[in-house]
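Structural features, examined
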Amino acid sequence: MTTVMLVHGAWHGPDCWAKLKPELHALGYDTRTPALPSSGAQPTAGMHDDAAVLAAELASIDGPVVLVGHSYGGIPVTEAAAGAGNVERLIYLAAYMPDKGQSMYDIHGVPEPEDMGGLFPLIDDPRNSLYGELPDDEAEQLVSKLVEQTVRSFAEKVDAAAWQDIRSTYIVAEQDKAIPPALQEQMAAHATEIRRIPSGHSPFLSQPHQLAALIDEIVRTA
């Protein structure tokens, strides 16, 4: 059985995958949804800590793994998968896709902070940036569940780029208001293939059935 390991983005936790998991289970996949320690209540962990958690989770899985990183989650995925022997496909879902030696700051072309301590401010207008396609009541509930995120997670540079050795698919969210689609297209040039979904930043919430079918298609046609 192929395991689909779902890695959440900044300010989120594993519960964001609640709609997608049953759709993948119905298609015959097992799932794992590890929690990144850089997100939470008063977190202090950085990107390397996140990558270490993912590497340990990967090592605990028997059989092939499809590793899906959403948004910030693409960064620790890029490092963690480089040391794993069971990842058969990387999927970057509206995600950051760094090269070796890059951080999120580098990808955006902005200076790194002198002080990497502390927390990074929440994205502007999270209701529309993250959940623009969802009904108001659902979006407001999701915004209320957002947690804190460390500056270190955005500032630390990856030590390895797994997509250089593992086949990868980039899924561009064409209506994304959090990571501009133009930037996604730029990063997607690194990938083995590019797919697109007509959604905002969180298709696992707005289009879980369609996203699960797309992941299944990617895996089956690899």
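As shown above, the structure is provided for reference.
In what follows, the accompanying structure is described. Being a predicted model, the structure only gives us computed values, none of them experimental. Every residue gets a number counted from 1 within its own chain, in the order that chain's sequence is written. Side-chain atom pairs in this predicted model are given and counted only at pLDDT of 80 or more, local residue features only at pLDDT of at least 70, and totals for whole chains, interfaces and linings cover all residues. Side-chain numbers come from the whole structure's heavy atoms, not from hydrogens or water.

Here we take up the overall build of the chain. Within the chain one finds 10 helices and eight strands. Computed over C-alpha atoms, the radius of gyration of the chain comes to 16 Å, within 12% of the 17 Å expected from 2.2 N^0.38 for 222 residues, which places it in the range of a compact globule. The C-alpha extent of the chain, read off along each of the three principal axes, is 45 × 40 × 30 Å. Here the contacts in the chain between residues at least 6 apart in sequence split such that 72% fall between residues at least 24 apart. In this description a helix means any DSSP run of H or I spanning at least four residues, a strand means any run of E spanning at least two, and both kinds are numbered starting from the N terminus. Throughout, the radius of gyration refers to the C-alpha atoms, and the reference size of a globule is 2.2 Å times the residue count to the power 0.38. Contact between two residues is taken to exist if any of their heavy atoms lie within 4.5 Å; hydrogens are not considered.

This paragraph deals with the packing of aromatic side chains. Two aromatic rings from Phe, Tyr or Trp, using only the six-membered ring of Trp, form a pair when their centres are within 6.5 Å; if the ring planes differ by under 30 degrees the pair is stacked, by over 60 it is edge-to-face, and anything between is tilted. All told, the structure shown has seven aromatic pairs when counted by the stated rule. Relative to Phe154, the ring of Trp11 has its centre 5.8 Å away and its plane inclined at 90 degrees; by these criteria the two rings are edge-to-face. Pair noted here: Trp11 is in the loop between β1 (3–7) and α1 (20–26) and Phe154 is in helix α7 (residues 151–155), with a separation of 143 residues, a long-range link. Three exposure classes are used, based on accessible area relative to the maximum for each residue type with a 1.4 Å probe and protein chains only: buried under 20%, partly exposed in between, and exposed over 50%. Note on Trp11: relative accessible area 9%, which makes it buried. Overall, Phe154 belongs to the buried group, its relative accessible area being 2%.

Salt bridge, as used here: a side-chain nitrogen of Lys or Arg that lies within 4 Å of a carboxyl oxygen of Asp or Glu. Scanning all chains against the criterion turns up 12 salt bridges. One salt bridge connects Arg195 with Glu193, and the closest N-O pair in it is separated by 3.5 Å. Using a relative accessible area of 23% as the deciding quantity, one classes Glu193 as partly exposed. Between Arg195 and Glu217 there is a salt bridge, with the nearest N and O atoms lying 3.1 Å from each other. Note that Arg195 is positioned in strand β8 (residues 193–197) and Glu217 in helix α10 (residues 208–220), a separation of 22 residues in sequence.

Next up on the list: the pairing of β8. Two strands form a pair only when DSSP identifies at least two bridges running between them. Where strand β7 (residues 168–173) meets β8, five bridges bridge the pair, whose relative direction is parallel. Considered in β8, the bridge of Ile171 is made with Arg195. Classification remark: right-handed applies to a crossover when, strands pointing away from the viewer, the course from the first strand over the helix to the second runs clockwise. Each parallel crossover has a hand, and the one from β7 via helix α8 (residues 181–188) to β8 is right-handed.

Turning to the layout of surface pockets, a few remarks are in order. Using only the protein atoms, space was sampled on a 1 Å grid; points where a 1.4 Å probe fits but cannot get out form cavities, open sets with protein on both sides within 12 Å along at least five of seven lines form pockets, and lining residues are those with an atom within 4 Å of a point. Grid points are joined across faces, edges and corners, and a volume is the space filled by probe spheres set on the points. Here the largest pocket defines a volume of roughly 360 Å³. Lining the largest pocket are 22 residues, and of these Trp11, Tyr96, Met104, Ile123 and Phe154 sit closest to its centre. Ranked by the residues each element gives to the lining of the largest pocket, the list is headed by helix α4 (residues 104–108), at three residues. Residue composition of the lining of the largest pocket, by class: 15 nonpolar, six polar and one charged. Around the second largest pocket sit 15 residues that line it, and Asp15, Cys16, Leu142, Lys145 and Leu205 are the ones nearest its centre. Ranked by residue count, the leading element in the lining of the second largest pocket is helix α6 (residues 136–144), at three residues. Looking at the lining of the second largest pocket residue by residue, the class counts come to eight nonpolar, three polar and four charged. All amino acids are sorted into three groups, where Ala, Val, Leu, Ile, Met, Phe, Trp, Tyr, Cys and Pro are nonpolar, Asp, Glu, Lys and Arg are charged, and the leftover types, Gly among them, are polar.

Read these as geometric descriptors, not functional statements.
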